[in-house]
Amino acid sequence: MVSSLIDVDTRHWKVDKIRRYFLPFEVDIILKIPLSYTLPEDKIIWVGCKRGIFSVKSAYYRALKVVEKVEVGESSFGDYRTPLWKKIWQLKLPAKIRIFAWRACMEGLPTKLNLGRRWMNIEIKCPLCERELESTSHVLLYCTKLWHVWWSWNTCPINLLAENKEFVDVALLIMYTGSPKDLETLFATTWSIWYNRNRVVHESQCETPAQVWGFAQRIQGDYKGAITVCQLRKQSPEVGWAAPPLEVYKINVDGATRMGGLSGVGVVIRDCRGLVLVAESKVMAGSYEAGVTEALAVEEGVLLARERGLHQIIIESDSLKVVQAIRSRSSHGEAGTVVQGVLVLLESFSSWKVQHLKRDYNIVAHELAQMAKGSAKSQTWEDAEPTMLQHLLLADRANC
Ligand SMILES: [Zn+2]
């Protein structure tokens, strides 16, 4: 009952009680609600329009007003943090991290101290160091167990751990003294720290500082990679990689050759949702001419599909020559014998098709082939994605 938060004698909010049950930003909002001297009974009213009755139209105009206020850099409460909110939504980070950043700055994370403010009898010590109180700034920045994570940030624009500040003030300071990239590093790293903290609490698993830092770095890199690929594709009017129909699997293949070195092939088989069934980066036994390597890549893809018991397949290669050779059942040239072998293998499928795809769109297979060529090490991923190619796979899935 709201009335239990109001002192009937003074007709004011019971500030102590409100501070105990609500988070600081909620307290601010509640204390700004004016109380009527007559103290009428509790009821829910909609403040979005004069009549006090909710309608979608009035909610829309209300939301628009809030957005406009953020746009022009002011807020209904003259909030000094408003420029930060605006900045957070512009960061090149996944939405879940931007929401996390906003919650952390609003003191809205369920840290033990924040939970302890609402409910009594809760252990409020930090689960990492087990010494200090688990406040937002402690668990994300100042805990001694995090020092090694933060020491990895050589280019941090401020002396991060110099003095105890509120988390939001640290974010503001970085926003004013550093670049958007610095703010992205702060939030991606604190997100990774919070993720690790939750694993400690719920799964009793703890990662090393290097893993926590590395995870944050990867998130930033992957996200930017995916955005770049999406933007490149938007600029191009052509259709990119497309997912196969239901129950059909698409096999993208590519070959890579290096003068004097072993050839490499890349294969990725995906389903109608663009999810990876199997991916392979394989070093070949010899050093082959480009056309032969492309044909061997097709052969490798077909072999993998057969091993997995697939029935309906579409093979995509960026080598027009090989695609035409298979379609015309050619046995000419150096690749002729490989093409003939592929045709025999294809007889065991209930349906198959081979088609050409521009190199720009065959990028996952291309990267896998390059990896084999560069590292001279074969690798296979079964029902899993090669993590370093996740941003490319993600961009392809955007076409599903
Ligand atoms: Zn701690």
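Definitions and limits used
Residues numbered from 1 in each chain as written. Predicted model: local features only at pLDDT ≥ 70, side-chain atom pairs only at ≥ 80, totals over all residues. Helix = DSSP H or I, 4+ residues; strand = E, 2+ residues; numbered from the N terminus. Buried ≥ 20, exposed ≤ 12 C-beta atoms within 10 Å, placed from the backbone. Contact = placed C-beta atoms within 7 Å. Core = buried A, V, L, I, M, F, W, Y, C linked by C-beta atoms within 7 Å. Domains from an automatic or database assignment. Expected span 1.5 Å × (residues − 1). Axes fitted to C-alpha atoms, helices over the stretch in contact; angles between N-to-C directions. Parallel < 35°, antiparallel > 145°, perpendicular 65-115°, else oblique. Left-handed = near helix turned anticlockwise from the far one by under 90°. Nonpolar A, V, L, I, M, F, W, Y, C, P; charged D, E, K, R; others polar. Pairing = 2+ DSSP bridges.

Our focus in this paragraph is the overall build of the chain. Each helix and strand in the chain was counted, giving 16 helices and eight strands. Within the chain, the proportion of its 400 residues that are buried is 32%. Look at the contacts in the chain between residues 6 or more apart in sequence, and 64% of them connect residues 24 or more apart.

It is worth spelling out the nonpolar core at this point. Of all hydrophobic cores here, the largest spans 82 residues; its most connected members are Ala 171, Val 267, Val 298 and Leu 368. The two domains that each donate at least three residues to this core are domain 2 (82-234) and domain 3 (249-397).

This brings us to helix 12 (residues 290-307). Here helix 12 is 18 residues long and its end C-alpha atoms lie 26 Å apart, about the 26 Å a rise of 1.5 Å per residue gives. Buried residues dominate helix 12, accounting for 13 of its 18 residues. Looking one or two residues past helix 12, Gly 309 carries a phi angle of roughly 70°, positive in sign.

This part is about the packing of helix 9 (residues 167-177) against helix 10 (residues 180-203). Remark: helix 9 packs on helix 10, axes separated minimally by 8 Å, with the N-to-C direction vectors making an angle of 155°. When the axis of helix 9 is compared with that of helix 10, the two are roughly antiparallel. Both helix 9 and helix 10 take part in a crossing whose hand is right-handed. Facing helix 9, whose interface residues are Ala 171, Ile 174 and Met 175, helix 10 presents Asp 182, Leu 183 and Leu 186. Across the contact of helix 9 with helix 10, the residue classes tally to five nonpolar, no polar and one charged.

Quick look at the sheet that holds strand 7 (residues 351-356) now. Taken in spatial order, the six strands of this open sheet run 7-6-3-4-5-8, and their pairing is mixed. Two strands bound the open sheet, and with one partner strand each, they are strand 7 and strand 8 (379-382). Taking the axes of each pair of neighbouring strands and ignoring which way they run, one obtains an average angle of 15° across the sheet. Sheet topology places strand 3 (residues 249-256) next to strand 4 (residues 264-270); seven bridges connect them, and they run antiparallel.

Within the secondary structure, Pro 386 is located in the loop between strand 8 and helix 16 (390-397). Residue Pro 386 is classed as buried on the basis of its C-beta count, with 21 C-beta atoms lying within 10 Å. Separated by 107 residues in the primary sequence, Pro 386 and Ala 279 place their C-alpha atoms 7.5 Å from one another.

Topologically, Val 364 is positioned in helix 15 (residues 363-375). A residue is classified by how many C-beta atoms lie within 10 Å of it, and Val 364, with 24 of them, is buried. Residues Val 364 and Asp 254, spaced 110 residues apart in sequence, show a C-alpha to C-alpha distance of 8.9 Å. Ignoring any residue separated from it by four or fewer positions in sequence, one finds Val 364 in contact with Asn 252, Val 268, Leu 389, Leu 392, Leu 393 and Asp 396.

Before going further, it helps to spend a moment on unusual backbone geometry. Backbone geometry places Glu 107, a non-glycine residue, at a positive phi of 60°. What makes Glu 107 buried here is the crowd of 21 C-beta atoms within 10 Å. One non-glycine residue, Ser 204, adopts positive backbone phi at about 55°. With respect to the helices and strands, the residue Ser 204 is situated in the loop between helix 10 and helix 11 (209-235).

Take the environment of Leu 109 next. As for its position among the elements, Leu 109 is in the loop between helix 5 (95-105) and helix 6 (112-118). On the neighbour-count criterion, Leu 109 (22 C-beta atoms within 10 Å) is buried. Separated by 85 residues in the primary sequence, Leu 109 and Trp 194 have C-alpha atoms spaced 9.5 Å apart. Not counting chain neighbours up to four residues away, the residues in contact with Leu 109 comprise Arg 103, Ala 104, Asn 114, Thr 136 and Trp 194.

Pairing analysis gives five bridges linking strand 3 to strand 6 (residues 312-317), with the strands arranged parallel. Bridge pairing in strand 6 links Tyr 249 to Ile 313.

As a further point, take the packing of helix 4 (residues 82-90) against helix 5. At their nearest, the axes of helix 4 and helix 5 sit 9 Å apart, and the two run at 160° to each other. Judged by the inter-axis angle, helix 4 sits roughly antiparallel to helix 5. Where helix 4 crosses over helix 5, the handedness of that crossing is right-handed. Mapping the contact onto sequence places Leu 84, Trp 85, Ile 88 and Trp 89 in helix 4 and Arg 98, Ala 101, Trp 102 and Cys 105 in helix 5. A per-class count over the contact of helix 4 with helix 5 returns seven nonpolar, no polar and one charged.

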